[in-house]
Amino acid sequence: MKNFGLSSKEVVDSKEKFGDNRLSEQESESFWANLLENFGDPMIKILCAALIINIMLVIASYTGLVPEKMNWYEPVGIAVAILLATFVSTFSEYRNENAFRKLQEEASKIICKVYRDGEIREIAIDDIVTGDAVLLQTGDKIPADGVLIDGSLKVDQAVLNGESKEASKTAVRADYKNNEKTDFLNPHKVYRGAVVVSGNAVMQVCVVGDTSVYGEIARELQEGDERETPLKLKLGALADGISKFGYIGGVVIAVALLFQRIVLANHFNGAEIIAYCMNWTHLLSDVIHAVMLAVIIIVMAVPEGLPLMIAIVSALNMGKMLKDNVLVRKINGIETAGSLNFLFSDKTGTITKGKLEVVGFSDGMGNDYKTYGEIFGALKKYLSLSIFQNTDAVLSGAGANKRAIGGNGTERALVNFAQDAPSSESSGIKTAEKIPFSSQNKFSAVTIEGVDDDVFGNAFTLIKGAPEKIIEKCGYCVDKDGKKIEFSSIEDFNKKIDAMAERSIRVIALAISADKIVNAETYDIASASADWSLVGIIGIRDDVRPESISAIAEVQQAGVQVVMITGDRKETAIAIAKEAGLLKNSDDVVLTSDELATLSDDELKDKIKNIKVVARALPQDKSRLVKAAQELNFVVGMTGDGVNDSPALKKADVGFAMGGGTEVAKEASEIVILDDNFNSIDKAILYGRTIFNSIRKFIVFQLTINISAVLINVVAPLLGQENPLSIIQILWVNLIMDTLAALAFGGEPALKRFMKELPKRRDESIVSPYMWSAIIAGAIWTSVLSLIFLFTNVIRNNFSLSPLDTLHTGYFAFFVFIAIFNAFNARTEKLNLFDNISGNKGFLRVLFIIAAVQVLLVYLGREIFEGYGLSLFQWGIILLFAVSIVPVDLIRKILLAANKKQSARSTTLRSIATGVFKEDSI
């Protein structure tokens, strides 16, 4: 064994000087830094201002500067509310930001074979240092940038430069001088992220970690602006509208309270009003009290809980999604997935199984063979030579564990097909010249020597590739006995190939030429003689996943346009797309990369709604498609697995990286599909829609409370009731609306019926007309009952204002319990309020906790929460009033359903009358 590598001491020295091979993770803020940042939220600032004012009032009250006695527990209550809301929000965000680290830890467990202290050791990729000698073998991912010092390789650098052509790499000479310039064409340099296709070599590491080409790409992807997600846009528009309502409501409430204190309390008597205003301490106290109440109303009305709701509902669904092989890396990925209009999906391994298998062989006479074992004689020898000599794949293992490694997928499939061939057939054979396969040539060829053959002699050339390149050059074929005869059935063969293409089968032709390859670099197949001998054609199939067909249909039904992007030729891509259910209509468009390049941006935008397949696609095609769709205001998803896919993944609204893909692709994505299966993408979209619907339910619940609270606090002071709800009570209700309600609605189950809804436009309001009907009906009913409860003698006579104020205790309980019952209305559009309730048992638990705490506050709250206890009769009145919102909302649902049916019936009748329906559809 040659002496390579570093000693243990040299490893330590190198690590100190150059560092190790670890890729830096994007820096994330600590929990405490996030907590401090969240105190900068506008609503938290308002609450902090209210807290400071309240503390000053309490101090002024106890020092006699303000005549009115201020309670110490109000500033304590505000402080607790601030800390609780900020802490819960920060905790949710912090937990979600760290979710992806598990995946990165798994990536760092890649094991490499390294020469240390004169022997080969297996170490983690992160522990490699500059100067290490790394043994590279077929199938290995190159762990760092360096040069070969022994052996030779063929590497696939497509993940770095997008070039599908395999690059040959050889060992440097002793006088080689390395330079730091990045050059993928350099015959001696190899780079992290590339894959060894064939060969064995030893690499000396020159650059590690972030300074490698791979590391620089990863670092650049951490920079740049991100587009606002559709949900954030919708919530932003909603929050702006509600904030205006809250601010106006707060000001109106402050004015109403001052009007009650100054005008109504003085019976509209001018002299009393003037005298009251002259007492500046009383006036100042009233103004400050009014401002405080306005601030609390603003805090209650403004939906600061919406961002927290997104965090909580997303976090609650992340565990469920992980079980379905969907790992959410960025929280906005889930919310946006439900709004997708376009999904650009890779074919291999996502729509198909990603496992290429030979389905049969046909010789030049047209005889078909399903297995290698059915072939006999000299034909079998020529087939074996064509497969094993013209390939970069090799067999590894023995018995049941024997399998092909190295090479590309096609070569591995061919070697696996003929794995029972005796190794003696290749003994003594040498390779003279070789032309590797490329997408431009569409063939590979190798001239071999040392063959003992009566037909073709001692040396001849084996050709493998696209049938349209090879069959036209074949004047002869090899029959089943291995004899060279005239090939006259070209037309029949082309028909067979067309039939195979229609069955999504890729065809590879094998031929033998007596001519030798003189110079691989200058060889031109067009000028080759037409006396090749056809060995036969092999059919290879990458089956469509059965679950992908149903998943694609469901995604399409959900209004998402699925576009398959593949490197296959157009005919094969069309066949697979038809099988997968992507091509159904006559106006569906299939383009190749070359055809796409001829379209202007405007022409592409005109066609994009009908594009279903892009064949022979290049990495830059993906980015262009994403940009075109986004400029039309569509929400776009993109799948990918290589470094060259990363720009498109990052540009898309949702990037879906494959679990078997590169670290950089995962870093650029929002969601990682762990099983590389389209069915899991379907589930991600379903979860996205589930979250969107959960947020909508939360909004109905929250805005109903918001509007009713503002309305009653505006009207009540005008009728002589200053504080229907105290500041502490309002903060408790606000806690119910935000944190606890988010927990209740966040666990809603993913229902298949959500996939029957159309995607939501980026600029579409998150609050639908249906939701407004629920919000307005609930808010008006709550406000009407509040006025009845507070101002009618029928109710007031059953409660007391002194010595204990049980009227306000009862109203506080009523307001909370009507919100609890309305939560059942908000969580489903069905008449059955317990629809799928078993899928969200947390909903019942949270509401039970709210109810239990409320009961405790009624009996133990005393002066802080105005909780002075209630009798069973009083509880009966409260619960009867509160539960009445259920039948009211059921009536609303019934009326809306009836109106919807009537509208649908009217539309149908109008369509029939105007002849819109075709005769066969009536």
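Undergrad: How do you make sense of the overall build of the protein chain when you look at a structure like this?
TA: Each helix and strand counted, the protein chain has 32 helices and 26 strands in total. The buried share among the 922 residues of the protein chain stands at 53%. Put simply, 72% of the contacts in the protein chain that link residues at least 6 apart link residues at least 24 apart. Surface accessibility of the protein chain: about 40800 Å² in total, with carbon and sulfur atoms responsible for 57%.

Undergrad: Would you take a moment to explain the nonpolar core for this structure?
TA: Soluble, globular proteins show a tendency: their nonpolar side chains are buried together. Grouped together as the largest cluster of nonpolar side chains are 120 residues, with contacts concentrated most on F656, F678, F701, W732, F789, F814 and I850. Looking at this core element by element, the count peaks at 20 residues for helix 24 (residues 678-718). Ignoring any residue separated from it by four or fewer positions in sequence, one finds F789 in contact with I795, R796, F799, L807, G810, Y811, F814, I878 and F881. Judged by nonpolar contacts, the second largest core, of 32 residues, contains Y369, Y372, I387 and F456.

Undergrad: Quick question: what am I supposed to make of the environment of F87 here?
TA: Relative to the elements of secondary structure, F87 occurs in helix 4 (residues 73-97). In sequence terms F87 and N38 are 49 residues apart; their C-alpha atoms lie 8.8 Å from each other. If sequence neighbours within four positions are ignored, F87 has contacts with F31 and L35.

Undergrad: So what exactly am I meant to see when it comes to the packing of helix 28 (residues 806-826) against helix 29 (residues 841-860) here?
TA: When two helices pack together, you describe them by how their axes are tilted relative to each other and by the distance separating the axes. Close contact between helix 28 and helix 29 brings their axes to 10 Å; oriented N to C, the two are set at 175 degrees. On the basis of the axis angle, helix 28 is roughly antiparallel to helix 29. Note on element contacts: helix 29 touches helix 28 through F843, L844, L847, I850, A851, Q854, V855, L857 and V858, opposite T809, F812, A813, V816, F817, I820, A823 and F824. Taken together, the residues of the contact of helix 28 with helix 29 break down into 15 nonpolar, two polar and no charged.

Undergrad: Can you walk me through helix 16 (residues 490-502) in this structure?
TA: Compared with the 18 Å implied by 1.5 Å per residue over 13 residues, the 18 Å span of helix 16 between its first and last C-alpha is a close match. Among all positions in helix 16, only F493, I497, M500 and A501 are buried. Down the axis of helix 16, the buried set is contained in an arc of 100 degrees. They therefore lie on one face. Residues of helix 16 that are exposed and point more than 90 degrees away from the buried face comprise E491, D492, K495 and E502. For helix 16, the secondary structure elements touched by its buried residues are strand 10 (357-363), helix 15 (467-470), strand 19 (505-513), strand 20 (532-541) and helix 18 (570-580).

Undergrad: What exactly am I supposed to notice about the pairing of strand 22 (residues 589-592) here?
TA: One face of the sheet, then the other: side chains in a regular strand alternate in exactly this way. Neither face of strand 22 is exposed, since V589 and L591 on one face and V590 and T592 on the opposite face are all buried. Where strand 22 lies against strand 23 (residues 611-615), four bridges are found, and the strand directions are parallel. Paired with V590 across the strands is V613, a residue of strand 23.

Undergrad: So what exactly am I meant to see when it comes to the pairing of strand 2 (residues 119-124) here?
TA: Relative to strand 2, strand 1 (residues 111-116) is paired through six bridges, and the arrangement is antiparallel. Bridging from a neighbouring strand, R116 pairs with E119 of strand 2.

Undergrad: Can you help me understand the packing of helix 25 (residues 727-746) against helix 28 in this one?
TA: Remark: helix 25 packs on helix 28, axes separated minimally by 12 Å, with the N-to-C direction vectors making an angle of 20 degrees. Between helix 25 and helix 28, the angle is such that the two are roughly parallel. The hand of the helix 25/helix 28 crossing is right-handed. Here Q729, W732, V733, I736 and F745 of helix 25 come into contact with helix 28, specifically with H808, F812, F815, V816, A823 and A826.

Undergrad: Any chance you could explain the pattern of salt bridges here in plain terms?
TA: A side chain of one charge can pair with a side chain of the opposite charge if their charged atoms are brought near each other. Taken as a whole and judged by the stated rule, the model has 25 salt bridges. With a closest N to O distance of 3.6 Å, D324 and K683 form a salt bridge. Linking D324 in the loop between helix 11 (305-323) and strand 8 (326-328) with K683 in helix 24, this pair joins segments that are 359 residues apart in sequence. Residue classification places K683 among the partly exposed positions, given a relative accessible area of 26%. Residue D835 pairs with R753 through a salt bridge whose shortest N-O separation is 3.0 Å. Here R753 lies in the loop between helix 25 and helix 26 (769-791) and D835 lies in the loop between helix 28 and helix 29, a separation of 82 residues in the sequence. For D835, a relative accessible area of 17% translates into the label buried.

Undergrad: When you look at the sheet that holds strand 8 in this model, what are you seeing that I'm missing?
TA: Sheets are built from strands paired through backbone hydrogen bonds, the pairs being either parallel or antiparallel. Strand order in the open sheet formed by eight strands is 8-26-25-24-9-21-23-22, with mixed pairing between adjacent strands. Both outer strands of the open sheet, strand 8 and strand 22, are each paired with one neighbouring strand and no more. Each neighbouring strand pair of the sheet contributes to a mean axis angle of 20 degrees, computed without reference to strand direction. The pairing of strand 9 (residues 342-346) with strand 21 (residues 561-565) spans five bridges and is classified as parallel. Paired with D346 across the two strands is I565, which belongs to strand 21. Docked against the sheet, helix 18 engages strand 21, strand 22 and strand 23, running at close to 140 degrees with respect to strand 23.

Undergrad: Any chance you could explain the environment of L6 here in plain terms?
TA: For L6, the position within the fold is in the segment before helix 1 (8-18). The class of L6 is buried, set by a relative accessible area of 13%. In contact with L6, not counting residues within four places along its chain, are V11, Y115, R116, D117, V129, T130, G131 and D132.

Undergrad: How should I be thinking about the side chain of T828 in this particular structure?
TA: Position of T828 among the secondary structure elements: in the loop between helix 28 and helix 29. A polar side-chain atom of T828 sits 3.0 Å from the main-chain amide nitrogen of K830.

Undergrad: Sorry if this is basic, but what is going on with unusual backbone geometry here?
TA: Only a minority of non-glycine residues have a phi that is not negative, and only a minority of peptide bonds are not trans. One non-glycine residue with positive phi stands out, namely N633, at about 70 degrees. Within the secondary structure, N633 sits in the loop between helix 21 (619-631) and strand 24 (636-640). Owing to a relative accessible area of 35%, N633 belongs among the partly exposed residues under this scheme. A positive phi is found at N836, a non-glycine position, where the angle reads about 55 degrees. Mapping N836 onto the fold places it in the loop between helix 28 and helix 29. Overall, N836 belongs to the partly exposed group, its relative accessible area being 31%.

Undergrad: Would you take a moment to explain the environment of N200 for this structure?
TA: Among the structural elements, N200 can be located in strand 7 (residues 195-207). Residue N200 is classed as partly exposed on the basis of its relative accessible area, which comes to 45%. Not counting residues up to four positions away in its chain, the partners in contact with N200 are L136, Q137, D150, G151, S152 and L153.

Undergrad: Sorry if this is basic, but what is going on with the state of the cysteines here?
TA: By definition, a disulfide links the sulfur atoms of two cysteine residues through a covalent bond. Overall, the coordinates contain zero disulfides when judged by the stated rule. Just so you know, C474 is unpaired, no disulfide at all, and the nearest cysteine sulfur is the one on C477, 8.7 Å from it.

Undergrad: Help me understand the confidence of the model for the protein chain, please; the structure alone is not making it clear to me.
TA: When pLDDT is low, close inspection of the predicted coordinates is not appropriate. Mean pLDDT over the protein chain stands at 81; residues scoring 70 or higher make up 85%. Per-element confidence in the protein chain ranges from a low mean pLDDT of 48 for helix 5 (residues 101-107) to a high of 94 for helix 31 (residues 872-883).

Undergrad: Explain a nonpolar patch on the surface here, please?
TA: A surface patch of nonpolar side chains, amounting to about 550 Å² of accessible area, comprises Y62, W72, V76, V80, L84 and I864. With three residues, the single largest contributor to the nonpolar patch is helix 4. Of note, I864 is situated in helix 30 (residues 862-865).

Undergrad: In this structure, what is going on with the packing of aromatic side chains? I would like to understand it.
TA: Two aromatic rings, taken as a pair, are described by how far apart their centres are and by the angle between their planes. Applying the stated criterion to the full structure yields 23 aromatic pairs. Arranged with centres 5.4 Å apart and planes meeting at 85 degrees, the rings of Y382 and F456 form a pair that is edge-to-face. Of the two residues, Y382 sits in helix 13 (residues 377-388) while F456 sits in the loop between strand 15 (443-449) and strand 16 (459-465), which places them 74 residues apart along the sequence. Under the relative-accessibility criterion, Y382 is labelled buried at 1%. For F456, a relative accessible area of 8% puts it in the buried group. Geometrically, the ring pair formed by F487 and F493 is edge-to-face, given 5.5 Å between the ring centres and 80 degrees between the ring planes. Exposure class is identical for F487 and F493. Each is buried. Through a chain of ring-to-ring contacts, the aromatic side chains of F789, F799, Y811, F814, F815 and F881 assemble into a single cluster.

The rules we used
- Residues numbered from 1 in each chain as written.
- Predicted model: local features only at pLDDT ≥ 70, side-chain atom pairs only at ≥ 80, totals over all residues.
- Heavy atoms only, no water.
- Helix = DSSP H or I, 4+ residues; strand = E, 2+ residues; numbered from the N terminus.
- Buried < 20%, exposed > 50% of the residue type's maximum accessible area, 1.4 Å probe, protein only.
- Contact = heavy atoms within 4.5 Å.
- Areas by Shrake-Rupley, 256 points an atom, 1.4 Å probe, with all protein chains shown as cover.
- Core = buried A, V, L, I, M, F, W, Y, C linked by side-chain atoms within 4.5 Å.
- Axes fitted to C-alpha atoms, helices over the stretch in contact; angles between N-to-C directions.
- Parallel < 35°, antiparallel > 145°, perpendicular 65-115°, else oblique.
- Nonpolar A, V, L, I, M, F, W, Y, C, P; charged D, E, K, R; others polar.
- Expected span 1.5 Å × (residues − 1).
- Arc of directions from axis to C-beta.
- Pairing = 2+ DSSP bridges.
- Left-handed = near helix turned anticlockwise from the far one by under 90°.
- Salt bridge = Lys/Arg side-chain N within 4 Å of Asp/Glu carboxyl O.
- Polar contact = N/O pair within 3.5 Å; in protein donor to acceptor, adjacent residues only side chain to side chain.
- Disulfide = S-S within 2.5 Å.
- pLDDT = per-residue confidence, 0-100.
- Patch = residues over 30% accessible without salt bridge, like charges linked within 9 Å, V, L, I, M, F, W, Y side chains within 5 Å.
- Phe/Tyr/Trp six-rings, centres within 6.5 Å; stacked < 30°, edge-to-face > 60°.

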